[in-house]
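These are the residues of each chain, in order.
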Amino acid sequence: MTDFLMKPKIDFAFKEIMMNEQARIGFLSAMLGLDPEDIRETKILNTNLRKEHEDDKQGILDVRILLNDDTEIDIEIQLSPLSVWADRSLFYMAKMFTEQIHAGEDYSALKKCVSISILDFKLFEEELEFYSCFHIREDTRHTLYTDKMEFHVLELPKLPEELKEDASDILLWAKFINAERREEFDMLASRNKYIKSAYEQLQVISQSTEKRLEYEAREKAIRDHNQMMYEARSEGLKQGLEEGIRQGIEQGLERGLERGIQSMTTDYLEEGFPREKILAKLQRHFDLTETQAEQYFQRYAK
């Protein structure tokens, strides 16, 4: 039990780490490029997004934080590949943004919203950088349209193996989230005091029997989901292969049949056989209906 450490990239563990205010301040200051001293207060908000109508899609965020300047931040971890992640994060951002305003209020009530996505898969396959930040800008002049929406993306599979002495705080946090071995945690904690606070919180929750049970249940749910997705993909590939083989055989037989009919029709025509006799031979030889024989004759008779 004493050697067990949760993996920070399991969303349950990450949420628990973010309950530590020092860890929270350190992570946000790194991601948002803020001086930690300028963050006077952070609050963990209710992670259920409000539903305006009964048939609205419910949004549940992993970690939702309010800064002292009223900036709202959604932090989500996704371990399984999801090609529509950008659309999903935009949906949650829009829900978070619009629920700030209430009847009778004007648009000045709207505050900045930030989305931070921590992904254990490559969202941008062609890009090499593990970290990306997006704003809404004009296409050619790059003029900022509004600063009220901001998207940060960490792609963990793109992290470099080695850490340089001048590694950014963003990279240190990304390596911490992706770490699994005690030596990695120890090294990262020695390089950043806020990561040290996060590591201390991780050790505390890892020794809690109750939290470990919750963590293992969540880890099992993720494994089961990934296994089901793997089996579904495998079955789909298998069915696709079988269907492709079946279609290939059918197409091959069809082409062979057509060549045989074409050859026989051409030979009989050259020998001067009457149309009715050719049709009758085609029906018997290739087990065709009268209509099929007629169709093939029209296609190949010249």
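Residues numbered from 1 in each chain as written. Predicted model: local features only at pLDDT ≥ 70, side-chain atom pairs only at ≥ 80, totals over all residues. Heavy atoms only, no water.

1. Structural notes on the overall build of the protein chain
What counts here: Helix and strand assignments follow DSSP, with helices taken as H or I runs no shorter than four residues and strands as E runs no shorter than two, numbered in order from the N terminus. When a residue's accessible area, from a 1.4 Å probe over protein chains only, is under 20% of the maximum for its type it is buried; when over 50% it is exposed; and in between it is partly exposed. Note on contacts: a residue pair is in contact if any heavy atoms of the two residues lie within 4.5 Å. Where accessible areas are quoted, they stem from the Shrake-Rupley method and a 1.4 Å probe; at the residue level, only the protein chains shown are allowed to cover.
Broken down by element type, the protein chain carries nine helices and six strands. A total of 302 residues make up the protein chain; the buried ones form 38% of that total. If you take every contact in the protein chain between residues at least 6 apart in sequence, the share linking residues at least 24 apart comes to 60%. Accessible surface, the protein chain: about 18300 Å² in total, of which carbon and sulfur atoms supply 50%.

2. Some thoughts on the nonpolar core
Stated formally: Think of a nonpolar core as a cluster: buried Ala, Val, Leu, Ile, Met, Phe, Trp, Tyr and Cys residues, connected wherever their side-chain atoms sit within 4.5 Å.
By size, the foremost hydrophobic cluster in this structure holds 52 residues, and its most contacted members are Phe27, Ile75, Ile118 and Phe176. Ignoring anything within four residues of it in the chain, the contact list for phenylalanine 176 reads Pro8, Ile17, Phe185, Leu188, Ile195, Ala198, Tyr199 and Leu202. Membership of the second largest hydrophobic core comes to eight residues, among which are Met264, Ile278, Ala293 and Tyr296.

3. Considerations on helix α4 (residues 169-178)
For α4, a buried count of eight out of 10 residues is recorded, marking the element as mostly surrounded by other parts of the structure. The complete set of buried residues in α4 reads Ile170, Leu171, Leu172, Trp173, Ala174, Lys175, Phe176 and Ile177.

4. Some words on the confidence of the model for the protein chain
Selection rule: Every residue is assigned a pLDDT by the predictor, reflecting its confidence on a scale from 0 to 100.
Averaged over every residue, the pLDDT of the protein chain is 84; residues scoring 70 or more account for 82%. Per-element confidence in the protein chain ranges from a low mean pLDDT of 71 for helix α7 (residues 209-270) to a high of 97 for α4. Under a pLDDT of 50 for its full length, residues 49-60 has, in the predicted model, 28 contacts with residues more than four places off or in other chains.

5. Some thoughts on the side chain of glutamate 219
Mapped onto the elements, glutamate 219 comes out in helix α7. Under the relative-accessibility criterion, glutamate 219 is labelled buried at 16%. Apart from residues lying up to four places away in sequence, glutamate 219 is in contact with Lys7 and Ile10.

6. Overview of the packing of aromatic side chains
Our working rule: Any two rings among Phe, Tyr and Trp, with Trp reduced to its six-membered ring, count as a pair given centres within 6.5 Å; such a pair is stacked if its planes are under 30 degrees apart, edge-to-face if over 60, and tilted if neither. Note on criteria: charge over ring means Lys NZ or Arg CZ within 6 Å of the ring centre, with the direction from the centre no more than 35 degrees off the ring normal.
As enumerated under the stated definition, the model contains eight aromatic pairs in all. Relative to tryptophan 173, the ring of phenylalanine 27 lies with its centre 5.5 Å away and its plane at 75°, an arrangement referred to as edge-to-face. Of this pair, phenylalanine 27 sits in helix α2 (residues 21-32) while tryptophan 173 sits in helix α4; the two residues are 146 residues apart in sequence, bridging distant segments of the chain. As far as burial versus exposure is concerned, phenylalanine 27 and tryptophan 173 are alike and both buried. Relative to phenylalanine 134, the ring of phenylalanine 124 lies with its centre 5.6 Å away and its plane at 50°, an arrangement referred to as tilted. Residue phenylalanine 124 is located in the loop between β4 (113-119) and β5 (131-137), and its partner phenylalanine 134 is located in strand β5; the two are separated by 10 residues in the primary sequence. Residue phenylalanine 134 is classed as partly exposed on the basis of its relative accessible area, which comes to 35%. Directly above the ring of phenylalanine 4 sits arginine 212, whose terminal nitrogen or CZ lies 3.8 Å from the centroid.

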